[in-house]
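So you can see what is in the structure, the chains are spelled out below.
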Amino acid sequence: MEATTEVDFYTDMQVVLQMAKDDGKTFNAYDILLKKLCNKEEKADVVIKLLGDLEQHVTLLTQDYQSLVYLIMGMDWLDRGPELITAYKAFILNLVSAQTFYLKPLVRKLVKSFVPDLTVLSVPESESYESIRQKLANDLMHIHSLLNSLSQLVPVTQLLLGPILEEYFPYINKGVLFFEYYTRGLLTVSQYMPALRLQILELLIKNMLKLDVRSSRLDINTALCLSDTLKEEVEDTQFDVDIDSASGANDKVAPGVSKEAKETQFNTALPLAGSLDAMMSLCLEYIRDTCFTSATLDWNATKKLYRELLSIFDKYIFLTHASCHVQFLLFHVCSLKEALADGFIDYLWKKITDPTNQSIYRQTAACYIGSFLTRAKYVSINTAKEVMELMLKWIHKYIDQTGEGVLHADIAHHGTFYSVCQSAFYIFCFKHNDFMQLKKGFKWAESLNFQRVITCKLNPLRVCVPIIVKTFASATRLHQLAFCDTIIERNNRYYLPVAVCTNSIEVTAFKQLDSYFPFDPYLLPRSSSHISPLYHEFQGSLPDEEEDIDEDVDDFLPDEEEEPKHMSSSMPKGASDFLAYGISPGFQHG
């Protein structure tokens, strides 16, 4: 009887499906069909024959046969030879063209497969580790090939895909490999579905920001220091072992710490930062691959990508205060051509000068423009000079318009002014020697009239970050452009008064500008190779704090230990402590 059933099963698939439907799927041949399809040990040629027969009758595979279709969707089709892979793809494409209600569950299945079974990668030391990674890469290639074919056959696939990609994005507590594989999958999709690229980049950057704001610079610095300590210990051990080996006491040499081992240690210590590092590395590589064709810059492709990244920057990154690394995507793409950097500066300057913008956004734009001009190696000194002229012209105009009505420095009402001043001081700290080397550089610097800025009643030196003030004072004193010391000493004798009414009692609160500079040193180890060649470190020396101590300071002035808590929490006591926190301005002692 079973033999007869087998004959019927192979001779007419239509009869098998119809009789199974009529008999409530209790027909013996239908059961055999299901068993053969779900059996991983079944011969590949048998499964190929079954898929071929079913392909001829896809019009019969209505919703009554969901169990059969879902079983096929979930079958192991990638590990049983190229012939089965070809047969599976052909069946799926014919199925969704005839029965479109299977499209959404199929797309969900394929997207879920962007992250393969990562347990096979749990032991990197295995001899077959690279071969396993290669196999996973090949499997993902077939998955993307099928998804690409689906999008071409059924255009509505792209409408379904966006929400599904967001739905399956890994939770924040998933491991580094989850984020790495899923990011790679999304970027691959954007290559064969360019209409989805903006949506995909938005999805990636939104999730990268979630990781970024949870990965403090202090924690990353600590993890990197621990990694360096381990390296030094291993090198010391290596040195001792070498001595022992030379004397014949030991024939074994301790291995060094490989780059992979250090990355693994970093990822283990800070999994969120490690996930961000992997995603940043993939995105920076994607920018390079998109903008270059055969080592030649594709200007049209670069402009298009720049506009997309700038729109995402404006929508998400710019509004995220605590981000440390994601903004370097735009930093990197701006390095590809001078026109892009100029466009980014123009975008920021328009934000600063637009009076309809909220003050906090104008101040943020000022922080960005100061940090960008000082840190981007590819920004020319002439561009920096032109921006300085714009900033000082705006500052002097603001002073003229404010007039004599100002009684004291007030961040609440003049925050944009102070942020622009601080950025101008910051730029001058970094580039004053370069400015002076320009033709008529000293005369140009004199025309900026820093002395008027620092002596105006708005008193910008009082609210700017102290280390910037001290370095600016040192630089302007060196070139005899402005003399800040008297003002700094006077400012040190009183707290900045800001009247706050509390139950009809006026209290005084100390306020200072935020020390937020978005392009402070890039810390993520894996992706830093893309940023380091473009990044400018501070060259020079910081002023010695002891030089500025006035022996005649009144005894009633508070000591550093007596500073208000809200001040000491945001500003470490000395320049060295300030730098240790890994926050701006990022000066380094020369």
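- As annotated in an unreviewed UniProt entry, the protein chain carries the name RNA polymerase I-specific transcription initiation factor RRN3 and is attributed to Biomphalaria pfeifferi.
- As recorded by UniProt, the Sequence similarities (unreviewed entry) comment attached to the protein chain reads in full: "Belongs to the RRN3 family."

1. Here's the deal with the overall build of the protein chain
Here is step 1: Helix and strand content of the protein chain: 27 helices and four strands.
Here is step 2: Among the 590 residues that make up the protein chain, the fraction classed as buried is 48%.
Here is step 3: Put simply, of all contacts in the protein chain between residues at least 6 apart along the chain, 76% involve residues at least 24 apart.
Here is step 4: Surface summary for the protein chain: the accessible area is close to 29,200 Å², and the carbon and sulfur share equals 52%.

2. Comments concerning helix α4 (residues 44–55)
Here is step 1: The first and last C-alpha atoms of α4 sit 16 Å apart over twelve residues, in line with the 16 Å expected at 1.5 Å per residue.
Here is step 2: Inspection of α4 places Val-46, Val-47, Leu-50, Leu-51, Asp-53 and Leu-54 among the buried residues, and these make up the whole buried set. Down the axis of α4, the buried set is contained in an arc of 160 degrees. They therefore lie on one face.

3. Quick notes on the nonpolar core
Here is step 1: Membership of the largest hydrophobic core comes to 174 residues, with the highest contact counts inside it found for Leu-68, Phe-344, Phe-372, Met-388, Ile-395, Phe-417 and Phe-425.
Here is step 2: The greatest single-element share of this core, amounting to 14 residues, is contributed by helix α20 (residues 411–437).
Here is step 3: Not counting residues within four places of it along the chain, the set of residues in contact with Phe-417 comprises Trp-394, Ile-395, Tyr-398, Ile-399, Cys-456, Leu-458 and Pro-460.

4. Looking at the pattern of salt bridges
Oppositely charged side chains may form a pair once their charged atoms are brought near each other.
Here is step 1: Evaluation of the coordinates by the stated rule reveals 18 salt bridges.
Here is step 2: In this structure, Asp-139 engages Lys-135 in a salt bridge whose closest nitrogen and oxygen atoms are separated by 2.7 Å. Separated by four residues within a single helix, Asp-139 and Lys-135 lie in helix α8 (residues 129–153), roughly one turn from each other.
Here is step 3: Residues Asp-485 and Arg-477 are paired through a salt bridge, measuring 3.0 Å at the closest nitrogen-oxygen approach.
Here is step 4: Among the charged side chains, a salt-bridge network with shared partners connects Arg-133, Glu-180, Arg-184 and Arg-526.

5. Considerations on the packing of helix α7 (residues 103–112) against helix α9 (residues 157–167)
A pair of packed helices is characterised by two quantities: the angle between their axes and the separation of those axes.
Here is step 1: Packing of α7 against α9 brings their axes to within 10 Å, and their N-to-C directions diverge by 45 degrees. Looking at the two axes, α7 sits oblique to α9. Relative to α9, α7 is oriented so that their crossing is right-handed. Here α7 contributes Leu-103, Lys-104, Val-107, Arg-108 and Val-111 to the contact with α9, which in turn contributes Thr-157, Leu-160, Leu-161, Ile-164, Leu-165 and Glu-167.
Here is step 2: Looking at the contact of α7 with α9 residue by residue, the classes come out as seven nonpolar, one polar and three charged.

6. Regarding helix α11 (residues 197–212)
Here is step 1: Between the first and last C-alpha of α11 there are 22 Å, a value that for 16 residues agrees with the 22 Å anticipated at 1.5 Å per step.
Here is step 2: Of all 16 residues that make up α11, twelve are buried, and the element is covered over most of its length.
Here is step 3: For α11, every residue scored as buried is listed here: Arg-197, Ile-200, Leu-201, Glu-202, Leu-203, Leu-204, Ile-205, Asn-207, Met-208, Leu-209, Leu-211 and Asp-212.
Here is step 4: Looking at the buried positions of α11, the neighbouring elements they touch are α9, α10 (176–192), α14 (271–291), α15 (299–317) and α16 (328–334).

7. Notes on the packing of aromatic side chains
Here is step 1: Applying the stated rule across the entire model yields 38 aromatic pairs.
Here is step 2: Geometrically, the ring pair formed by Tyr-70 and Tyr-102 is edge-to-face, given 6.3 Å between the ring centres and 85 degrees between the ring planes. With Tyr-70 in helix α5 (residues 66–73) and Tyr-102 in the loop between α6 (82–98) and α7, this residue pair connects regions lying 32 residues apart in the sequence.
Here is step 3: On the accessibility criterion, Tyr-102 (1% relative accessible area) is buried.
Here is step 4: With centroids separated by 5.5 Å and ring planes inclined at 80 degrees, the aromatic side chains of Phe-313 and Phe-344 adopt a geometry described as edge-to-face.

8. A short note on the environment of Leu-524
Here is step 1: Residue placement: Leu-524 occurs in the loop between β4 (505–508) and α26 (565–568).
Here is step 2: Considering only alpha carbons, one finds Leu-524 and Glu-263, 261 residues apart in sequence, at a separation of 9.9 Å.
Here is step 3: Look past the residues within four positions of Leu-524 in its chain and what remains in contact with it is Ile-220, Phe-266, Ala-273, Leu-276, Asp-277, Met-280 and His-325.

9. Remarks on the packing of α7 against α8
Here is step 1: Their axes nearest at 10 Å, the elements α7 and α8 cross at an angle of 150 degrees. If you check the angle between α7 and α8, you find them roughly antiparallel. Remark: the crossing between α7 and α8 carries left-handed chirality. Across from Leu-103, Leu-106, Val-107 and Leu-110 in α7, the residues of α8 making contact are Ile-143, Leu-146, Leu-147 and Leu-150.
Here is step 2: Here the residues of the contact of α7 with α8 sort into eight nonpolar, no polar and no charged.

10. Points about the environment of Lys-210
Here is step 1: Looking at the element boundaries, Lys-210 is found in helix α11.
Here is step 2: When the C-alpha positions of Lys-210 and Thr-320 are compared, they lie 9.7 Å apart, and in sequence the two are 110 residues distant.

11. Notes on the state of the cysteines
Covalently bonding the sulfur atom of one cysteine to the sulfur atom of another cysteine gives a disulfide.
Here is step 1: For the structure on display, the rule yields zero disulfides.
Here is step 2: The thiol sulfur of Cys-484 is not disulfide-bonded, and the nearest other cysteine sulfur, from Cys-429, lies at 9.6 Å.
Here is step 3: Note on Cys-484: relative accessible area 2%, which makes it buried.

The rules behind these values
Residues numbered from 1 in each chain as written. Predicted model: local features only at pLDDT ≥ 70, side-chain atom pairs only at ≥ 80, totals over all residues. Heavy atoms only, no water. UniProt positions renumbered as here; feature names shortened; annotations may be inferred. Helix = DSSP H or I, 4+ residues; strand = E, 2+ residues; numbered from the N terminus. Buried < 20%, exposed > 50% of the residue type's maximum accessible area, 1.4 Å probe, protein only. Contact = heavy atoms within 4.5 Å. Areas by Shrake-Rupley, 256 points an atom, 1.4 Å probe, with all protein chains shown as cover. Expected span 1.5 Å × (residues − 1). Arc of directions from axis to C-beta. Core = buried A, V, L, I, M, F, W, Y, C linked by side-chain atoms within 4.5 Å. Salt bridge = Lys/Arg side-chain N within 4 Å of Asp/Glu carboxyl O. Axes fitted to C-alpha atoms, helices over the stretch in contact; angles between N-to-C directions. Parallel < 35°, antiparallel > 145°, perpendicular 65-115°, else oblique. Left-handed = near helix turned anticlockwise from the far one by under 90°. Nonpolar A, V, L, I, M, F, W, Y, C, P; charged D, E, K, R; others polar. Phe/Tyr/Trp six-rings, centres within 6.5 Å; stacked < 30°, edge-to-face > 60°. Disulfide = S-S within 2.5 Å.

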